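Residue-level listing of the chains:
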Amino acid sequence: MAESFMPKTLVLASTSTYRRELLERLQLPFATAAPNIDETRLVNESAQAMVARLAQQKAEAITAQYPNALIIGSDQCAVLSEQILGKPHTHAKAVE
């Protein structure tokens, strides 16, 4: 007797509107959850290492809430000449 396939719940470990909109394009059901982690960059941490660490921490932060889910953790940052640019929060700051 073949086992029936039970799809896992898909969870986006982010409250980002942009990431939610990207995932909605797949037209798959999913949930979102706020990971509530400290996103402070570590001393001498590269941008690549930072985003990889934060993505993993975000996914791990919600595993207790969704122990049997497929969790997507992600992070990004803008880099200019080796300098990580923070979130501008306003249009004027983004232009600057």
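Reading guide: rules and limits
- Each residue is numbered by its place in its chain's sequence as written, counting from 1.
- The predicted nature of this model means local features are confined to residues of pLDDT at least 70 and side-chain atom pairs, given and counted, to a pLDDT of 80 or more, with totals for whole chains, interfaces and linings taken over all residues.
- Side-chain measures here rest on the full set of heavy atoms in the structure, leaving out hydrogens and waters.
- Here, nonpolar core means buried Ala, Val, Leu, Ile, Met, Phe, Trp, Tyr and Cys residues that are tied together by side-chain atoms lying within 4.5 Å of each other.
- Burial classes: relative accessible area under 20% of the type maximum marks a residue as buried, over 50% as exposed, and values in between as partly exposed (1.4 Å probe, protein chains only).
- Every residue pair with non-hydrogen atoms within 4.5 Å of one another is taken to be in contact.
- Secondary structure counts use DSSP, requiring at least four H or I residues in a row for a helix and at least two E residues in a row for a strand, with both numbered from the N terminus.
- Any pair of N or O atoms that falls within 3.5 Å is considered a polar contact. Within protein, one atom must be able to donate a hydrogen and the other to accept it, and sequence-neighbouring residues count only if both atoms are side-chain atoms.
- In this description, strands pair whenever DSSP reports at least two bridges between them.

Draft legend 1. Highlighting the nonpolar core. Ranked by size, the top nonpolar core spans 7 residues in total: Val11, Ala13, Ala33, Ala59, Ile62, Ala69 and Ile71. Apart from the residues lying within four places of it in its own chain, the contact partners of Ala69 are Lys8, Thr9 and Val11. Among the nonpolar cores identified, the runner-up in size contains 5 residues, and Ala47, Met50, Leu54 and Ile84 belong to it.

Draft legend 2. Main features of the environment of Pro7. Here Pro7 lies in the segment before strand E1 (10-12). Each C-alpha atom of the pair Pro7 and Ala69 lies 9.0 Å from the other, and the pair is 62 residues apart in sequence.

Draft legend 3. Fine view of the side chain of Ser14. Mapped onto the fold, Ser14 is located in the loop between E1 and helix H1 (17-24). One polar contact links the side chain of Ser14 to the main-chain amide nitrogen of Ser16, over a distance of 2.9 Å. Not counting residues within four places of it along the chain, the set of residues in contact with Ser14 comprises Arg19, Thr32, Ala33 and Pro35.

Draft legend 4. Region of interest: unusual backbone geometry. In this model, Asn36 sits at a positive phi of 50°, which is unusual for a non-glycine residue. Mapped onto the elements of the fold, Asn36 is located in the loop between strand E2 (31-32) and helix H2 (47-61). The exposure class assigned to Asn36 is exposed, which follows from its relative accessible area of 71%. Positioned with a positive phi, Asn44 is a non-glycine residue whose angle comes to about 60°.

Draft legend 5. Representation of the sheet that holds E1 in the model. Reading across the sheet, the 3 strands line up as E2-E1-E3 and stay open at both edges, with parallel pairing between neighbours. Either end of the sheet is taken by a strand with one partner, and the two such strands are E2 and strand E3 (70-72). Where E1 lies against E2, 2 bridges are found, and the strand directions are parallel. Paired with Val11 across the bridge in E2 is Ala31.

Draft legend 6. How the structure looks around the environment of Ile72. Among the structural elements, Ile72 can be located in strand E3. Counting along the chain gives 64 residues from Ile72 to Lys8, while the straight-line C-alpha distance between them is 12 Å. With near-sequence residues (within four places) excluded, Ile72 lies in contact with Leu10, Val11, Leu12, Ala13 and Leu23.

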